[in-house]
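What follows is each chain in one-letter form.
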Amino acid sequence: MARLREDGESVVFKVGFDEREMLMNAKPAVFYITDHYRDYPSVLLRLARATKQDAATVVELAWKYSASKRLRASFVATRQ
């Protein structure tokens, strides 16, 4: 779902390609990719530039990407 990069300054999150584009377009100073991640459903988060809300948003998107259909449905049901 996520891991700290070797640089210690970014976290890699597994998200869908559409979500990645949305995040990078909304906040390019916070969310980005390198050439290595171009073909993978992942986005990088710059820790020094991210707000708590940025982190919460990408953690939720990564969880939804990784969770089973049953867990996602349960999550949605509890939020309504």
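Keep in mind the model is a prediction, meaning the values are calculated, not measured.

Calculation rules
Residue numbers here run from 1 along each chain, matching the order of that chain's written sequence. Only residues with pLDDT of at least 70 are given local features in this predicted model, and only at 80 or more are side-chain atom pairs given and counted; all residues enter the totals for whole chains, interfaces and linings. Just so you know, side-chain values use all the structure's heavy atoms and leave hydrogens and water out. Strand pairing is assigned whenever DSSP identifies at least 2 bridges connecting the two strands. Helix and strand labels come from DSSP, where a helix needs a run of H or I of at least four residues and a strand needs a run of E of at least two; each type is numbered from the N terminus. By definition in these notes, contact holds between two residues if any of their heavy atoms fall within 4.5 Å. Angles here are taken between N-to-C directions and fall from 0 to 180 degrees, while the axes themselves are lines fitted to C-alpha atoms, restricted in helices to the stretch in contact.

1. Things to note about the sheet that holds strand E2 (residues 10-14)
In step 1: Judged by pairing direction, the sheet is antiparallel, and its 4 strands sit side by side in the order E1-E2-E4-E3 without closing on themselves. What marks the edges here is a single partner per strand, and that holds for strand E1 (2-4) and strand E3 (31-32).
In step 2: Judged from the 2 bridges that link them, E3 and strand E4 (residues 42-46) form a sheet pairing that is antiparallel. Each residue of the ladder has a partner; that of Tyr-32, found in E4, is Leu-44.
In step 3: Lying on the sheet, helix H1 (residues 17-26) is in contact with E3 and E4; it crosses E4 at an angle near 30 degrees.
In step 4: Together, E2, E3 and E4 form the strand contacts of helix H2 (residues 52-66), whose direction differs from that of E2 by roughly 35 degrees.

Nothing here speaks to function; it is geometry throughout.
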